[in-house]
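The primary structure of each chain is shown beneath.
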Amino acid sequence: MTGAPASAAGGTSGAKGVTSASGVPGAPGAAGETRPVRGGKLGAAAVNQASLWNIANILTMVRLVLVPGFVMLMLMDGGYDPVWRAWAWAAFAVAMITDVFDGHLARTYDLVTDFGKIADPIADKAIMGAALICLSYLGDLPWWVTGVILGRELGITLLRFIVIRYGVIPASRGGKLKTLTQGIAVGMYVLALEGPLATLRWWVMAVAVILTVVTGLDYVRQAIVLRRSGTAEREAAAEGAER
């Protein structure tokens with residue numbers, strides 16, 4: 001005979017079992033099973049940790065820095081110079097564009113960090129809030145419009161934190177459309193528009209306010225449903241533990 005049977009020699013799988021599933025040599029376990037290398041998961045976690053100084057966070061920081069610059073440009077020479085208002089619009093537009101790209105880059109390339117989770121929504125609300133307050137201060141936009149939009153944004157943010165122990169309220173299509181419409185409307189108000197375009201911006205802002213209210217009420221509804229379902233699941237789990 002030229003060799004022993006596979007079962008007697010430990011089997012082909014037993015001979016190859018010294019390599020772990022990740023392709024790194026490891027120690028074979030009982031019955032030819034593989035045993036992962038100690039520290040393998042820790043090494044993978046270290047690789048997946050995104051650096052603070054990644055492109056997504058840098059774009060968020062740029063947006064934060066643009067806020068005081070935008071306010072300065074907006075109020076330059078009394079706030080009614082068309083040239084300075086055009087520069088202010090450019091700063092606002094850059095902030096809105098970076099808002100789109102930093103979130104996309106963070107999700108696509110696994111660059112999500114704790115800093116980004118906190119700073120990104122702050123930067124979003126800071127640039128929008130600064131624009132609305134400046135426009136109302138200059139008399140271009142009624143204060144009640146600024147109050148409705150900012151009140152909704154701050155209220156929904158607080159609501160998210162309140163119900164976060166029950167789950168996360170996902171961003172809806174209506175919410176994304178609201179953000180886009182708000183950005184367009186505020187951008188049109190930042191520019192010194194006249195004639196038909198000045199009338200058009202009023203209608204765009206009206207749509208933005210309606211979407212702001214409607215989506216805000218929808219988020220409240222989702223929060224109530226999420227809280228009820230979360231409470232019911234906890235009560236059911238508690239009853240199951242008592243039995």
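See the structure shown above.
Predicted model, so just to flag it, every value in this text is computed and none were measured.

Caption draft 1: Spotlight on the overall build of the chain. Along the backbone of the chain there are eight helices and two strands. Starting at the N terminus, the α and β elements of the chain follow one another as α-β-β-α-α-α-α-α-α-α. Taken across its 243 residues, the chain has 35% of its residues classed as buried. A sequence separation of at least 24 residues applies to 68% of the contacts in the chain between residues at least 6 apart. Looking at the chain as shown, the accessible area adds up to about 15,200 Å², and 68% of this sits on carbon and sulfur atoms.

Caption draft 2: Focus on the environment of Gly175. Residue position: Gly175 is located in helix α7 (residues 173-190). Counting along the chain gives 43 residues from Gly175 to Asp218, while the straight-line C-alpha distance between them is 9.4 Å. Ignoring anything within four residues of it in the chain, the contact list for Gly175 reads Thr215 and Tyr219.

Caption draft 3: A look at a nonpolar patch on the surface. There is a patch of nonpolar side chains on the surface, built from Leu52, Trp53, Ile55, Ile58, Val62 and Phe115 and spanning about 540 Å² of accessible area. If one sorts the elements of the nonpolar patch by residue count, helix α3 (residues 55-75) sits on top with three residues.

Caption draft 4: Geometry of the layout of surface pockets. Looking at the largest pocket, its volume works out to about 1,800 Å³. Contributing to the lining of the largest pocket are 50 residues, with Asp99, Asp120, Pro121, Asp124 and Ala171 lying nearest its centre. Every element with two or more residues in the lining of the largest pocket is listed here: α3, α4 (82-108), α5 (114-137), α6 (143-163) and α7. Ranked by the residues each element gives to the lining of the largest pocket, the list is headed by α7, at ten residues. For the lining of the largest pocket, the class distribution of residues is 25 nonpolar, 13 polar and twelve charged.

Caption draft 5: Geometry of the environment of Pro121. Looking at where Pro121 falls in the secondary structure, it is placed in helix α5. Since its relative accessible area comes to 28%, Pro121 is described here as partly exposed. For the pair Pro121 and Asp99, spaced 22 residues apart in sequence, the C-alpha separation works out to 9.2 Å.

Caption draft 6: Geometry of the nonpolar core. In terms of nonpolar packing, the biggest core is built from 31 residues, with Phe70, Met74, Phe92, Val186 and Met205 touching the most fellow members. For this core, the secondary-structure elements that each account for two or more residues are α3, α4, α5, α6, α7 and α8 (196-242).

Caption draft 7: Up close: the pattern of salt bridges. Per the stated rule, a full pass over the model turns up six salt bridges. A salt bridge links Glu153 to Arg152; the shortest N-O distance between them is 3.3 Å. The residues Glu153 and Arg152 share a single accessibility class, namely buried. Between Arg221 and Asp218 there is a salt bridge whose closest N-O contact spans 3.0 Å. With Arg221 and Asp218 both in helix α8, this residue pair falls three residues apart, about one helical turn.

Caption draft 8: Representation of the packing of aromatic side chains in the model. Tallied over the full model, the rule gives two aromatic pairs. Here Phe70 and Phe92 contribute two aromatic rings whose centre-to-centre distance is 6.0 Å and whose plane-to-plane angle is 45°, an arrangement assigned as tilted. One end of the pair, Phe70, is in helix α3; the other, Phe92, is in helix α4, and 22 residues separate them in sequence. Overall, Phe92 belongs to the buried group, its relative accessible area being 2%. With a centroid separation of 4.9 Å and 85° between ring planes, the pair formed by Trp202 and Trp203 is classed as edge-to-face. Residue Trp202 is classed as partly exposed on the basis of its relative accessible area of 48%. Relative accessible area serves as the criterion here: at 54%, Trp203 is assigned to the exposed category. The cationic tip of Arg201 hangs over the ring face of Tyr189; the distance from NZ or CZ to the ring centre is 4.5 Å.

Caption draft 9: Quick look at the side chain of Asn54. Residue placement: Asn54 occurs in the loop between α2 (40-48) and α3. A polar atom in the side chain of Asn54 sits 2.9 Å from the backbone nitrogen of Asn57. Ignoring anything within four residues of it in the chain, the contact list for Asn54 reads Leu111 and Thr113.

Caption draft 10: Quick look at the packing of α4 against α5. It is at 10 Å that the axes of α4 and α5 come closest, and there the two elements cross at 155°. Between α4 and α5, the crossing angle belongs to the class labelled roughly antiparallel. As α4 packs across α5, the resulting crossing turns out to be left-handed. Contacts between α4 and α5 pair Arg85, Phe92, Ala95, Met96, Asp99 and Asp102 from the former with Asp120, Asp124, Ile127, Met128, Ala131 and Leu135 from the latter. Of the residues belonging to the contact of α4 with α5, the class tally is seven nonpolar, no polar and five charged.

Criteria and cut-off values
Residues numbered from 1 in each chain as written. Predicted model: local features only at pLDDT ≥ 70, side-chain atom pairs only at ≥ 80, totals over all residues. Heavy atoms only, no water. Helix = DSSP H or I, 4+ residues; strand = E, 2+ residues; numbered from the N terminus. Buried < 20%, exposed > 50% of the residue type's maximum accessible area, 1.4 Å probe, protein only. Contact = heavy atoms within 4.5 Å. Areas by Shrake-Rupley, 256 points an atom, 1.4 Å probe, with all protein chains shown as cover. Patch = residues over 30% accessible without salt bridge, like charges linked within 9 Å, V, L, I, M, F, W, Y side chains within 5 Å. Salt bridge = Lys/Arg side-chain N within 4 Å of Asp/Glu carboxyl O. 1 Å grid on protein atoms, 1.4 Å probe; cavity = no way out; pocket = protein on both sides within 12 Å on 5 of 7 lines; lining within 4 Å. Points joined across faces, edges and corners; volume = space filled by probe spheres on them. Nonpolar A, V, L, I, M, F, W, Y, C, P; charged D, E, K, R; others polar. Core = buried A, V, L, I, M, F, W, Y, C linked by side-chain atoms within 4.5 Å. Phe/Tyr/Trp six-rings, centres within 6.5 Å; stacked < 30°, edge-to-face > 60°. Lys NZ or Arg CZ within 6 Å of the ring centre and 35° of its normal. Polar contact = N/O pair within 3.5 Å; in protein donor to acceptor, adjacent residues only side chain to side chain. Axes fitted to C-alpha atoms, helices over the stretch in contact; angles between N-to-C directions. Parallel < 35°, antiparallel > 145°, perpendicular 65-115°, else oblique. Left-handed = near helix turned anticlockwise from the far one by under 90°.

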